Amino acid sequence: MSDLTAETKTRIDGIVGENDVVLFMKGTPLFPQCGFSNRATSILDHCGVAYESVDVLQDMEIRQGIKAYSDWPTIPQLYVKGEFVGGSDIMMEMFEAGELQQLMDEKQVTKAG
Amino acid sequence: MAMPAAEIEALIKAALPDAEVEIRDLAGDGDHYAATVSSPAFAGKSRVQQHKMVYEALGGRMGGELHALQLTTQVPNSAA
C-alpha cells in the first residue's frame, strides 16, 4: 500500500524542495475531488499565499508514496518550506488559532499574486 | 467501508486509556465521523504528533476503512 521507492522519494523531495507551499490533494484547487481537499485549498486561499498543488489522483506513485514519505495516512497534506505541516484538520485548527498565517509569515512564503 | 463509532472509540481508548473521546456521526451513514480526543498524553506534543498517536491507535485503518474521520485533538485544561 504505502510503498515509497527511491525514485518516488526523489520526486517528492524535488516537489517539496522547489516550492514554498505545496498541497498534495485529490483534484485541483478549481475542482477538488474531496471535501477535505476542498477545505485545505479554501484555507490556503484565505491565507493569501501562493501555493503549488499536486493532484494525487493523477499520479498513483505519489498517491501511495506521499503517505509513507510523511508517515501520514490521509490526503490532503501540506508542506511549507520543505516541512510537513499536517492534513486538513490540523490546517483548520491552526488557521482558526491564527497559527497558520503566523507560520506563513515567519517562513516568508510568497504571497498570492 | 463503514465502522461503528463505538469501535473507533474503543480502539482509541485501548491505546490512550486516559483519553476522553467524543465521536459524532456527521452524515448519519456510519462512514463520516468527527472525533474529538482529549488526553493528558498529548501534553508537550505537536499537533502532528497528537494526530499520529490517534492514527496509531486506529491501527492503520485511517485513510483506509476510515477515509472520512475528521479529527481534533486537545490536552485537557487540567493537564495543560
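- In the nomenclature of an unreviewed UniProt entry, chain A corresponds to Glutaredoxin from the organism Paraurantiacibacter namhicola.

Digging into the pattern of salt bridges
Residues and elements named next belong to chain A.
Thought 1: Applying the stated rule across the entire model yields 11 salt bridges over all chains.
Thought 2: A salt bridge links Glu83 to Lys107, with the shortest nitrogen-to-oxygen separation between them at 2.8 Å. Linking Glu83 in strand S4 (residues 83–86) with Lys107 in helix H5 (residues 99–107), this pair joins segments that are 24 residues apart in sequence.
Thought 3: For Lys107, a relative accessible area of 23% translates into the label partly exposed.
Thought 4: Three or more residues joined by partner-sharing salt bridges are found here, namely Arg11, Asp59 and Glu61.

Re the interface of chain A and chain B
Thought 1: At the junction of the two partners, chain A supplies 15 residues and chain B supplies 14 residues.
Thought 2: Where chain A packs against chain B, one counts 3 salt bridges.
Thought 3: One salt bridge in this structure joins Asp71 of chain A and Lys52 of chain B, with 3.8 Å as the shortest N-O distance.
Thought 4: Connecting chain A to chain B are 5 residue pairs in polar contact (both at pLDDT 80 or more).
Thought 5: The set of elements that each furnish at least two residues to the side of chain A that touches chain B consists of helix H2 (35–47), S4 and helix H4 (88–96) of chain A.

What counts, and where the lines are drawn
Residues numbered from 1 in each chain as written. Chains lettered and ligands numbered in written order. Predicted model: local features only at pLDDT ≥ 70, side-chain atom pairs only at ≥ 80, totals over all residues. Heavy atoms only, no water. Salt bridge = Lys/Arg side-chain N within 4 Å of Asp/Glu carboxyl O. Helix = DSSP H or I, 4+ residues; strand = E, 2+ residues; numbered from the N terminus. Buried < 20%, exposed > 50% of the residue type's maximum accessible area, 1.4 Å probe, protein only. Contact = heavy atoms within 4.5 Å. Polar contact = N/O pair within 3.5 Å; in protein donor to acceptor, adjacent residues only side chain to side chain.

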